[in-house]
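Here's the letter readout for the chains.
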Amino acid sequence: MRHCIYEKAMAGPRPVVLSGPSGAGKSTLLKKLLNEFDGVFGFSVSHTTRNPRPGEVNGKDYHYVTREVMQASIDNGEFIENAEFSGNMYGTSKAAVQAVQAKNLICILDIDMQGVKNIKRTDLNPIYISIQPPSMQELEKRLRDRKTESEESLQKRLKAAFVDMELSKEDGLFDVVIVNNDLNEAYGNLKDTLLEEIEKVKNTSKA
Ligand SMILES: Nc1ncnc2c1ncn2[C@@H]1O[C@H](COP(=O)(O)OP(=O)(O)OP(=O)(O)O)[C@@H](O)[C@H]1O
Ligand SMILES: Nc1nc2c(ncn2[C@@H]2O[C@H](COP(=O)(O)O)[C@@H](O)[C@H]2O)c(=O)[nH]1
C-alpha cells in the first residue's frame, strides 16, 4: 500500500526530487533555481542531526535537531522519509512539504538515494532528477575545496558517492540524469527539464 502523505485537495504542481552524491552540486543548482524563479519554487526544509555549517540558517537550510527529538518525531509519524547518512540522521517532514504545497509552489526536495527509494513508496509523485559529478576525482576536489568536512566525514561521503553513482544507473529510477560538469550547462539542462512545470505555476499565478 502506498503511504499517503497529502490530501488530494492540496494537489498542485509536481514536486521535484534532486538527488546525487554529496558534492555533486545539488544545493548550488537549486539555489540558482530559487533565485531566478522567485514565487515558483519552494524548498522542502529537511531535519538533520548534523551541526550547521558556517552561514547555514536554522529553519532555512535545515531544521537542526538532536537525535532524540528527531527519533521521537519519526516515531510520531511526522516524517515522509528519513535516512542515516554519513553518521547523521536526515529526513523530510510532512509539514515541510505541505508548507510549500500550501503556497502552490513547486516543492524541491534535496535528498539522498535512500530518500529516493522511500519517496517512491509514497503518493508524492515527484519528478526524479539525479545530479551527477563528471568523475569521482572532480567530486573529491569539490568536497575538499568546500572545506565543510573532516577527513573522516569526507571519506564516508566519498564511499557513499561511489555507491550512489552505481545505483543511479538503475533503469527508470530517475526521470533525468544531469552531469554537472560546466555549471551553466547543467543549470540550463535542469531548467529545460522543469520548463513545463514552471510554465504551469506561472500561468496559474497569472489567472
Ligand atoms: N559545476 C561545478 N563546477 C565546479 N564546482 C562546482 C560546480 N557545481 C558546484 N560546485 C562546487 O562544488 C561544491 C559542492 O557543491 P554543493 O554544495 O552544491 O553540492 P551538494 O550536492 O549540494 O552537496 P551535499 O549533498 O553535500 O549538500 C561547492 O563548493 C560548489 O560551489
Ligand atoms: N533522505 C534524505 N536525505 C537528505 C535529506 N536532506 C538532505 N539529505 C541528503 O543528505 C546528504 C548530505 O547533506 P549535507 O547537507 O550534510 O551535505 C545529501 O546527499 C543530501 O541530499 C532528507 O531530508 N532526507
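Residues numbered from 1 in each chain as written. Chains lettered and ligands numbered in written order. Predicted model: local features only at pLDDT ≥ 70, side-chain atom pairs only at ≥ 80, totals over all residues. Heavy atoms only, no water.

**A word on the sheet that holds strand β7 (residues 106-110)**
Pairing in this open sheet of five strands is parallel, and the strands run β2-β7-β1-β8-β9 from one edge to the other. Each having just a single partner strand, β2 (41-43) and β9 (176-179) make up the two edges of the open sheet. Within the sheet, the average angular offset between the axes of one strand and its neighbour, ignoring direction, is 25 degrees. Where strand β8 (residues 127-132) meets β9, four bridges bridge the pair, whose relative direction is parallel. Looking at β9, one finds that I131 is bridged to I178. Of the strands in this sheet, β2 and β7 are in contact with helix α3 (residues 94-101), which crosses β7 at around 150 degrees. Sheet strands touched by helix α7 (residues 183-206): β1 (16-19), β2, β7, β8 and β9. Its angle to β9, the strand with the most contacts, is close to 140 degrees. (Pairing = 2+ DSSP bridges. Helix = DSSP H or I, 4+ residues; strand = E, 2+ residues; numbered from the N terminus. Axes fitted to C-alpha atoms, helices over the stretch in contact; angles between N-to-C directions. Contact = heavy atoms within 4.5 Å.)

**A closer look at the environment of E199**
Within the element layout of this structure, E199 appears in helix α7. E199 gets classed as partly exposed once you look at its relative accessible area, which sits at 36%. (Buried < 20%, exposed > 50% of the residue type's maximum accessible area, 1.4 Å probe, protein only.)

**Topic: the sheet that holds strand β3 (residues 47-48)**
The four strands are arranged β4-β3-β6-β5 in an open sheet whose pairing can be described as mixed. The open sheet has two edge strands with one neighbour each: β4 (63-64) and β5 (79-85). Examined bridge by bridge, β3 and strand β6 (residues 88-93) share two bridges and lie antiparallel to one another. From the neighbouring strand, H47 faces β6, where its bridge partner is G91. Where helix α2 (residues 67-75) meets the sheet, its contacts fall on β3, β5 and β6, and the angle it forms with β6 comes to roughly 40 degrees.

**Examining the site of ligand 1**
Residues in close proximity to ligand 1 total 14 residues, the closest being S22, K26, S27, T28 and R146. In the environment of ligand 1, an oxygen atom lies 2.5 Å from a nitrogen or oxygen atom belonging to the side chain of T28. Between ligand 1 and the protein, one listed contact pairs an oxygen atom with a side-chain N or O atom of R146 at 2.8 Å. Computed on the free molecule, ligand 1 has an accessible area of 640 Å², of which 75% lies beneath the protein chains in the complex. Put simply, the parts of the chain that give the shell around ligand 1 at least two residues each are α1 (26-36) and α5 (136-146). It is α1 that provides the largest number of residues to the shell around ligand 1, a total of three residues. When grouped by side-chain class, the residues that make up the shell around ligand 1 number three nonpolar, seven polar and four charged. (Near = heavy atom within 4 Å. Polar contact = N/O pair within 3.5 Å; in protein donor to acceptor, adjacent residues only side chain to side chain. Areas by Shrake-Rupley, 256 points an atom, 1.4 Å probe, with all protein chains shown as cover. Nonpolar A, V, L, I, M, F, W, Y, C, P; charged D, E, K, R; others polar.)

**Describing the site of ligand 2**
By nearness alone, 17 residues border ligand 2, and S46, R50, Y62, Y90 and D110 come closest of all. Here an oxygen atom of ligand 2 sits 2.6 Å away from a polar atom, N or O, in the side chain of Y62. Between ligand 2 and the protein, one listed contact pairs an oxygen atom with a side-chain N or O atom of Y90 at 2.6 Å. Surface burial for ligand 2 is 95%, taken as the share of its 510 Å² of free accessible area covered by protein chains. Contributing elements (two or more residues each) for the shell around ligand 2: β5 and β6. The class makeup of the residues in the shell around ligand 2 is five nonpolar, four polar and eight charged.

**So, unusual backbone geometry**
Phi is positive for N104, which is not a glycine, with a value near 65 degrees. For N104, the location among the structural elements is in the loop between α3 and β7. At N125, a residue that is not glycine, the phi angle is positive and equals roughly 55 degrees. Judged by its relative accessible area of 47%, N125 is partly exposed.

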